[in-house]
Amino acid sequence: MTSTIPTDPLPDDWDGAEDAPGFATRAIRVGHRRTEESEHSEPIFATSSFVFASAAEAAARFGGEQAGNIYSRFTNPTVRAFEERLAALEGGESCVATASGMAAILAVCLGLLKTGDRILAARSLFGSTTMLFDKYLARFGIRTDYVPLSDLSAWETALERDGERRTRLLFCETPSNPLTEMVDLRQLAALAHRHGALLVVDNCFCTPALQRPLALGADIVVHSATKYLDGQGRCVGGAVVGDRKRVGEEVYGVLRTAGPTLSPFNAWVFLKGLETLELRMLAQSRAAAELAEWLQRQPAVERVHYPGLANHPQHHLVGSQQRTGGAIVAFAVRGGREAAWRVIDATRLLSITANLGDVKTTITHPATTTHGRLTPEQRAETGIGEGLIRLAVGLENPADIRADLEYGLNLPNHQVE
């Protein structure tokens, strides 16, 4: 049977159909509607507004009676192409693109929660997500409680103690940032649904190239497109993927009204990033696995956190839930912060930056960067020690990455010159 590449919104039965194109094909082809110019690459619609044929057409568009472009805060063809392509890769009905990954999480919360609701979240979250929940959503009467990510019994117990506040959302990252802890998404989704809650998964570390939470039972997926979806550290953006009602209407309504909007240029960059997503994720994962094995043998290293290692607590989920171990490796060195900074400062090839998902390998000290706004007690609860280093493995030769790390790991206890 000959495969058909859809250029219109995907039909309900397209994903998983016998003749459905493969992941790489969808990542390259979905979402592009050629204009009368017959362009081969997707165009950038750099316009703030759109012209209507008549006053009646304008009224119909604004009133939701007719589909079409209105204003680039919430309708833009380049952004729509990115949304349709990512939805196809995640297996979702709708996607809403946002100005950043944090804007994506905020849009979900504003669209689906109200005063008196409760979020039950994994304790191991990106520091800014925790700050959003505890400092800002709390001001509006939305409480967040935390449980250990991989402990399903803790999730169950916390759900049974709802009290007067009903838990509306379960929120997690898997693998987590930065310790790569994982949770069984099938079981967590079933648990959420038994208690009438939705499961929201931050799929930033894996992307749909390695893991598809919606297919495992999750209700909503959020992304920082800034990371692997771009892949080259060029732009900031985010996305929410899910069903037509919650995402296509409720989250979209937040975007239309509040305007945490993705620019057409950034959407175009992300479209180009998606074209190579699978190739990059698989190659970076292979290099990360190689480096994780090597780090385990280094005397200066106390522990390595990487799902692909046999001693990782949730190693059994690699293969059944996510395709590989991913490209993030965290490792703790002996000697605390001083030793960790010495290793980081000794690198000459790696980029010292808190961003990740780049073709260039990046290295950072989570306790003083990505999770630096958390209290020492919060960092201790999530296992983020002073000696921890996070490595986001890129596409350089793994031998060169290893050599760059080796110098710092073998330094005596003195400052780097």
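Below: a short report on this structure. Given the structure is predicted, the values throughout are model-derived calculations rather than measurements.

Tallied over the entire structure, the rule returns zero disulfides. Free of any disulfide, Cys172 has its nearest neighbouring cysteine sulfur in Cys206, separated by 11 Å. We note that Cys235 lacks a disulfide partner, and the nearest cysteine sulfur, in Cys204, lies 15 Å from it. By relative accessible area, Cys235 is classed as buried at 8%.

Among the secondary structure elements, Thr174 is positioned in the loop between strand S4 (167-173) and helix H7 (185-194). Residue class for Thr174 comes out buried when judged on its relative accessible area of 1%. Within the local environment of Thr174, its side chain forms a polar contact with the backbone nitrogen of Val183, the two atoms lying 3.2 Å apart. Excluding anything up to four places from it in sequence, Thr174 contacts Glu181, Met182, Val183, Leu185, Val201, Asp202, Cys206, Gln211 and Gln321.

Let's shift gears to the environment of Thr207. For Thr207, the position within the fold is in helix H8 (residues 207-210). Residue class for Thr207 comes out buried when judged on its relative accessible area of 1%. Here the alpha-carbon distance between Thr207 and Gly357, two residues 150 residues apart in the chain, equals 10 Å. Those residues in contact with Thr207 that lie beyond four places of it in its chain are Glu90, His223, Tyr228, Leu229, Leu277 and Met281.

About the thresholds
Residues numbered from 1 in each chain as written. Predicted model: local features only at pLDDT ≥ 70, side-chain atom pairs only at ≥ 80, totals over all residues. Heavy atoms only, no water. Disulfide = S-S within 2.5 Å. Buried < 20%, exposed > 50% of the residue type's maximum accessible area, 1.4 Å probe, protein only. Helix = DSSP H or I, 4+ residues; strand = E, 2+ residues; numbered from the N terminus. Polar contact = N/O pair within 3.5 Å; in protein donor to acceptor, adjacent residues only side chain to side chain. Contact = heavy atoms within 4.5 Å.

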